[in-house]
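Observations on chain architecture
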Amino acid sequence: MVSSKKAVKMIRKIRVEDIDEVVELFDALGKEHLTLYPNRHMYKLDRNANENWKSYVLNDIFLSKEKEIFVCELNDVLCGYVTIEIRKRPPIFTIKEEAYISDLYVLDRYRGEGIGKKLVEKAIQWAKNKKVKNVSLEVEEKNKSVDFYKKINFRDHMKQMVLKV
Amino acid sequence: MMIRPAKREDILEMGKMYEIVAEVHKEYHPIFHEVENCGVNAVTTNYIDNRNGIAFVAEENSEIVGFAGAQIKLMPETFKIKYTLHLTDVVVLPEYRGKGIGLKLIEKIKEWAGENKIQYITLSVSFKNNFAVQLYEKAGFKDLSKDMIMDVD
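Everything quoted here is computed from the prediction, not taken from an experiment. (Residues numbered from 1 in each chain as written. Chains lettered and ligands numbered in written order. Predicted model: local features only at pLDDT ≥ 70, side-chain atom pairs only at ≥ 80, totals over all residues.)

1. Describing the overall build of chain B
Secondary structure summary: chain B contains 4 helices and 6 strands in total. The N-to-C order of helical and strand elements in chain B reads β-α-α-β-β-β-α-β-α-β. Here the C-alpha radius of gyration of chain B, 15 Å, is about what a compact globule of 153 residues would show, namely 15 Å. Out of the 153 residues in chain B, the part that is buried amounts to 35%. (Helix = DSSP H or I, 4+ residues; strand = E, 2+ residues; numbered from the N terminus. Rg over C-alpha atoms; globule rule 2.2 N^0.38 Å. Buried ≥ 20, exposed ≤ 12 C-beta atoms within 10 Å, placed from the backbone.)

2. Some thoughts on unusual backbone geometry
For K131(A), which is not glycine, the phi torsion reads 65° and is therefore positive. Positioned with a positive phi, K117(B) is a non-glycine residue whose angle comes to about 60°. Within the secondary structure, K117(B) is located in the loop between α3 (101-115) and β5 (120-126).

3. A look at the packing of helix α1 (residues 11-26) of chain B against helix α2 (residues 39-48) of chain B
Residues and elements named next belong to chain B. Relative orientation of the contacting elements α1 and α2 amounts to 110°, with a least axis distance of 7 Å. Judged by the inter-axis angle, α1 sits roughly perpendicular to α2. Crossing of α1 over α2 shows right-handed handedness. Between α1, through I11, L12, M14, G15, K16, Y18 and E19, and α2, the contact on the second element is made entirely by G39, V40, A42, V43, T44 and I48. Class assignment for the residues of the contact of α1 with α2 results in 8 nonpolar, 3 polar and 2 charged. (Axes fitted to C-alpha atoms, helices over the stretch in contact; angles between N-to-C directions. Parallel < 35°, antiparallel > 145°, perpendicular 65-115°, else oblique. Left-handed = near helix turned anticlockwise from the far one by under 90°. Contact = placed C-beta atoms within 7 Å. Nonpolar A, V, L, I, M, F, W, Y, C, P; charged D, E, K, R; others polar.)

4. A closer look at the confidence of the model for chain A
Taken residue by residue, chain A gives an average pLDDT of 92. The fraction at 70 or more is 96%. The secondary structure element of chain A with the lowest average pLDDT is helix α1 (residues 2-6) of chain A, at 53, and the one with the highest is strand β2 (residues 67-74) of chain A, at 97. (pLDDT = per-residue confidence, 0-100.)

Below, the structure written as structure tokens:
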């Protein structure tokens with residue numbers, strides 16, 4: 001416990017040298033989803049999910065001002081990340097864009113310390129600077145994180161449904 | 001009653017119907033507020049001019065009484081499934097509701113998905129729109145997940 005008090009915790013933007021460590025977090029997130037929802041076929045990951053995501057981060061997120069990843073660094077270890085992006089909405093809407101959080105992950109052994117909250121707060125701050133009025137995200141109805149999101153002021157918006165053809 | 005693919009000549013009638021629904025959606029959240037009189041523009045860009053869009057209309061006595069529209073949606077490359085068909089509109093004129101027209105329209109969309117080798121039809125519906133949720137459940141849709149939202153000031 002003493003050592004954890006001395007721990008240096010920092011939420012910051014992703015850097016190129018973080019990439020492989022962040023891909024490991026992405027991989028852990030996917031594996032955790034798979035254990036939680038083994039029958040969720042629509043969201044089954046591609047065989048090359050890690051490589052595809054890595055190239056998406058390098059070629060897309062790093063080159064865009066409309067997409068960002070924040071990581072939590074704790075004693076030289078990356079223990080969590082959040083991805084956020086600005087999404088354009090169809091021109092028929094009066095609100096033209098919104099921010100969307102696609103991934104939020106904190107390694108199991110670092111949970112309960114408020115890291116997830118700090119990551120989301122950082123992402124929301126980034127969204128505010130982009131002048132958007134809403135931040136949204138998609139989550140499984142039964143995922144424990146629903147309570148977490150409610151606590152930090154997210155509320156139910158749309159139900160996502162699926163029909164197997 | 002006949003169900004057939006939508007044509008460019010249908011956009012005025014479809015546009016009017018689209019605006020009926022837009023009025024209802026408005027009450028749910030500001031994010032649904034649409035530009036005024038956007039109906040014709042919306043159905044044209046979503047279904048008529050869009051190569052990834054498809055719409056069917058329900059016709060009764062040569063009058064359009066409902067339509068359903070869907071658009072192919074690409075999935076992020078990290079997923080095994082590369083695209084889904086996203087059902088974006090199901091509208092039936094109030095006086096023609098309760099006759100199963102909505103279900104027939106959805107069935108047609110499903111057939112189209114099957115012919116085009118699309119495995120999943122997805123949709124988003126407001127939690128406040130019980131009427132629509134019930135229709136989709138009747139059509140066989142199952143819960144997938146939910147979107148949550150936060151207003152930033």
